[in-house]
Amino acid sequence: NAGVTQTPKFRVLKTGQSMTLLCAQDMNHEYMYWYRQDPGMGLRLIHYSVGEGTTAKGEVPDGYNVSRLKKQNFLLGLESAAPSQTSVYFCASSRRDGWLGNTEAFFGQGTRLTVV
Amino acid sequence: AQKVTQAQTEISVVEKEDVTLDCVYETRDTTYYLFWYKQPPSGELVFLIRRNSFDEQNEISGRYSWNFQKSTSSFNFTITASQVVDSAVYFCALSETYSGAGSYQLTFGKGTKLSVIP
């Protein structure tokens, strides 16, 4: 069982470069999330999606774009990378539990991104 | 306003001591979920427990126990007889069915780093 898979696991970018982080889940989950983790800041939500073709902004969306063209994939794009985007990025997915909302999120292994 | 507050940034205990990690949350929803996750030094995020807003029963799982009190908006986590393997960052999280700017966001606290000293 693959669960949630993130690619790549490590990346170094130069300021101004662009890149896309891919998240794939094989659990048929409705909800998907992108977080960034920085020391002392916990996990901060960048963007999320409640279903195929829908996305919404989280707490720190600036400088990022996302797309969810297929239910199993959630892409996070950096159009022009900045040093402030150096972070560990986590993707997660969760199942909708009827009217109660979503259940526990399953996380990928993380992507360590350094922007120099 | 911060929706999930983990006031303890770092805690150190000696092995076999009990330790409680605090979590206070804020929501206007009547239906929501609360979670605890563990992040060991290896970096992955491990789900520990889920509790919905209608279930205030405390839960025990081995050395772990959770105390959910809606009256104080708290969902505290206790480790009994701590072990070195418990050393990790622990996150509390809240999922609301409606959060104003968007539905079903999953919001994390800043985490508590627990160090268990042998």
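The coordinates are above.
Owing to the predicted nature of the structure, the values given are computational and were not obtained by experimental measurement.

Caption draft 1: Examining the overall build of chain A more closely. On a plain count of helices and strands, chain A comes out with zero helices and 11 strands. Here the C-alpha atoms of chain A give a radius of gyration of 14 Å, agreeing with the 13 Å that 2.2 N^0.38 yields for 116 residues. Its C-alpha atoms put chain A at 45 × 25 × 25 Å along the principal axes. Relative to its 116 residues, chain A shows a buried fraction of 51%. Contacts in chain A between residues far apart in sequence, at least 24 positions, make up 54% of those at least 6 positions apart. Summed over all atoms, the accessible surface of chain A reaches about 5,500 Å², with 52% contributed by carbon and sulfur. Across chain A, the 12 positively charged side chains and the 9 negatively charged ones have centroids separated by 6 Å.

Caption draft 2: Just the overall build of chain B, in detail. Helix and strand counts for chain B come out as zero helices and 12 strands. Starting at the N terminus, the α and β elements of chain B follow one another as β-β-β-β-β-β-β-β-β-β-β-β. Taken against the 2.2 N^0.38 rule, which gives 13 Å for 118 residues, the C-alpha radius of gyration of chain B at 14 Å falls within 12% of a compact globule. C-alpha atoms of chain B, sized along the principal axes, occupy 45 × 30 × 20 Å. Taking all 118 residues of chain B together, 48% fall into the buried category. When contacts within chain B are restricted to residue pairs at least 6 apart in sequence, long-range pairs at least 24 apart make up 56% of them. Here chain B has roughly 5,600 Å² of accessible surface; of this, 49% comes from carbon and sulfur atoms.

Caption draft 3: The arrangement of the pattern of salt bridges in detail. This model, assessed by the stated rule, comprises six salt bridges over all chains. Between arginine 36 of chain A and aspartate 38 of chain A there is a salt bridge whose closest N-O contact spans 2.8 Å. When its relative accessible area of 9% is taken as the criterion, arginine 36 of chain A is described as buried. Judged by relative accessible area, aspartate 38 of chain A falls into the buried class, the value being 11%. Linking arginine 50 of chain B and glutamate 104 of chain A is a salt bridge whose minimum nitrogen-to-oxygen distance equals 2.6 Å. One end of the pair, arginine 50 of chain B, is in strand β6 (residues 46-52); the other, glutamate 104 of chain A, is in the loop between β9 (87-94) and β10 (106-107), on a second chain. Under the relative-accessibility criterion, arginine 50 of chain B is labelled partly exposed at 29%.

Caption draft 4: Representation of the sheet that holds strand β8 (residues 73-78) of chain A. Residue and element names in this part refer to chain A. Spatially, β1-β3-β8-β7 is the arrangement adopted by the four strands of the open sheet, whose pairing is antiparallel. Two strands in the sheet have a free side with no partner beyond their single neighbour: β1 (4-7) and β7 (64-67). Here the strands of the sheet are splayed against their neighbours by 20° on average, with no regard to which way each runs. The sheet contact formed by strand β3 (residues 19-25) and β8 spans six bridges and is antiparallel.

Caption draft 5: Quick look at the state of the cysteines. All names here are of chain A. Applying the stated criterion to the full structure yields two disulfides over all chains. The disulfide partner of cysteine 23 is cysteine 91, and the S-S distance across this bridge is 1.8 Å. Measuring the twist about the S-S bond at about -75°, one finds the cysteine 23-cysteine 91 disulfide to be left-handed. Taken together, the residues cysteine 23 in strand β3 and cysteine 91 in strand β9 connect sequence positions 68 residues apart. You can call cysteine 23 buried: its relative accessible area is 0%. Overall, cysteine 91 belongs to the buried group, its relative accessible area being 0%.

Caption draft 6: Highlighting the interface of chain B and chain A. Taken together, the contacts link 23 residues of chain B with 25 residues of chain A. The junction of chain B with chain A conceals about 2,100 Å² of combined surface from both sides, 57% of it contributed by carbon and sulfur atoms. Across the chain B-chain A interface, the total number found is one salt bridge. Taken together, the links from chain B to chain A amount to four residue pairs in polar contact (both at pLDDT 80 or more). Per-element tally for the side of chain B that touches chain A: the top contributor is strand β5 (residues 32-39) of chain B, with four residues. In terms of residue class, the side of chain B that touches chain A is made up of 10 nonpolar, 10 polar and three charged.

What counts and what doesn't
Residues numbered from 1 in each chain as written. Chains lettered and ligands numbered in written order. Predicted model: local features only at pLDDT ≥ 70, side-chain atom pairs only at ≥ 80, totals over all residues. Heavy atoms only, no water. Helix = DSSP H or I, 4+ residues; strand = E, 2+ residues; numbered from the N terminus. Rg over C-alpha atoms; globule rule 2.2 N^0.38 Å. Buried < 20%, exposed > 50% of the residue type's maximum accessible area, 1.4 Å probe, protein only. Contact = heavy atoms within 4.5 Å. Areas by Shrake-Rupley, 256 points an atom, 1.4 Å probe, with all protein chains shown as cover. Lys, Arg positive; Asp, Glu negative; His and termini not counted. Charge placed at Lys NZ, Arg CZ, Asp CG, Glu CD. Salt bridge = Lys/Arg side-chain N within 4 Å of Asp/Glu carboxyl O. Pairing = 2+ DSSP bridges. Axes fitted to C-alpha atoms, helices over the stretch in contact; angles between N-to-C directions. Disulfide = S-S within 2.5 Å. Buried area = accessible area lost by both parts, 1.4 Å probe. Polar contact = N/O pair within 3.5 Å; in protein donor to acceptor, adjacent residues only side chain to side chain. Nonpolar A, V, L, I, M, F, W, Y, C, P; charged D, E, K, R; others polar.

By themselves, these observations are geometric and do not establish any function.
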